[in-house]
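Examination of the molecular architecture
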Amino acid sequence: MKTKLSLLKREGLATADDLRGRLPGEDDKKRGPYAVIECFEEIPCNPCVVSCRFNAILPFKDINDLPYVDFSACTGCAVCARVCPGLAIFIVDESMDGDMGTITLPYEYLPLPEKGWQVLARARDGSALFPATVVRVMKGGKGKTALVSLEVPKEYLQEVRSFTVPEEEDSVPCSCAELDLAEESPTVCRCEGVDLQEIRDLIARGYKTVDEIKHRSRAGMGPCQGRSCRQIILSELARDAGVSLEEFEAGSFRPPTTPVSMDVLAKGSEEDAENS
Ligand code: SF4
Ligand code: SF4
């Protein structure tokens, strides 16, 4: 008998069930900021684990393991959030007195907001929650994701997972022309350490598809499988071809995969395998 796929598997939205074991107890919440890792896909990726100098992410036995935080060791330093290619790590601080706390979110759009800006806090499914004030901005670049901290009521700290800048509702992932303004040669693929200049050099040398660039530079071949860099490479190719991104014919795209057991291959879906 087939069972209904979970919301996480159908739409990528984590529920309270999915977050069980990923949030600290009351004592750890009071100690200071902590990392909430919403990474649920068993893909070969571990920058969070190797970047944490406090060993606060439980060691992996296998590269496909999922990360879990040891909240007694986590300082909320946010180093893991800066290097996570899946943008899956959030830093929550509810240790202060009063009703307000902070949520620190990875942010890959331009313009990067500034301290004091009012933005629109949004839930996991993108729905608007309420206006929130930016209280801290850590710029990105050199393989690190920008982080933006918002002040929000404590009861919403596990609800807010993104935001938009109201004046920039149409904002899109940074185009390379904008990235040029942000830094000399920004990193395009954080997983493999490929920067914008390298991509442009390859295009100038005649590499004209995402796959060609991927195979030559390794951009898009890291743990996140192009989730962060593919769009930027496409926009560079489109710009080179003199067409819009929509008009540009995209190459093949293989999204992140997860290991599939022989049981599933033999019996059909994971649900079939589980229920047989
Ligand atoms: S926030 Fe800092 S201490 Fe906590 S898990 Fe991430 S890197 Fe480790
Ligand atoms: S996607 Fe982020 S949270 Fe998940 S394993 Fe990779 S670095 Fe860690």
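The notes below deal with the structure included here. Since the structure is predicted, the reported quantities are computational estimates derived from the model, not experimental observations. (Residues numbered from 1 in each chain as written. Chains lettered and ligands numbered in written order. Predicted model: local features only at pLDDT ≥ 70, side-chain atom pairs only at ≥ 80, totals over all residues. Heavy atoms only, no water.)

Topic: the sheet that holds strand 7 (residues 160–164)
Strand order in the open sheet formed by 7 strands is 1-2-3-6-5-4-7, with antiparallel pairing between adjacent strands. The open sheet has two edge strands with one neighbour each: strand 1 (34–37) and strand 7. Between one strand axis and the next, the sheet turns by 40° as a mean value, whatever way the strands run. Judged from the 5 bridges that link them, strand 5 (residues 128–138) and strand 6 (residues 146–153) form a sheet pairing that is antiparallel. Residue pairing for strand 6: Val137 is matched across the bridge by Val148. (Pairing = 2+ DSSP bridges. Helix = DSSP H or I, 4+ residues; strand = E, 2+ residues; numbered from the N terminus. Axes fitted to C-alpha atoms, helices over the stretch in contact; angles between N-to-C directions.)

Points about the site of ligand 2
Near ligand 2 the following residues occur: Ile37, Cys39, Cys45, Pro47, Cys48, Pro67, Cys84, Pro85, Gly86 and Ile89. Split by residue class, the shell around ligand 2 holds 9 nonpolar, 1 polar and no charged. (Near = heavy atom within 4 Å. Nonpolar A, V, L, I, M, F, W, Y, C, P; charged D, E, K, R; others polar.)

Observations regarding unusual backbone geometry
The omega torsion across Leu110 and Pro111 is 5°, close enough to zero to call that bond cis. Here Pro111 shows up in the loop between strand 3 (100–107) and strand 4 (118–123). In the Ramachandran plot, Asn55 falls in the positive-phi region, its phi being about 50° despite a non-glycine side chain. In the Ramachandran plot, Leu87 falls in the positive-phi region, its phi being about 50° despite a non-glycine side chain. Turning to its location among the elements, Leu87 is positioned in the loop between helix 5 (79–83) and strand 2 (89–93).

Details of the environment of Leu7
By secondary structure assignment, the location of Leu7 is in helix 1 (residues 7–11). Residue class for Leu7 comes out partly exposed when judged on its relative accessible area of 29%. The sequence separation of Leu7 and Asp18 amounts to 11 residues, and the corresponding C-alpha distance is 9.6 Å. Sequence-distant contacts of Leu7, that is, excluding residues within four places in its chain, are made with Gly12, Leu13 and Thr15. (Buried < 20%, exposed > 50% of the residue type's maximum accessible area, 1.4 Å probe, protein only. Contact = heavy atoms within 4.5 Å.)

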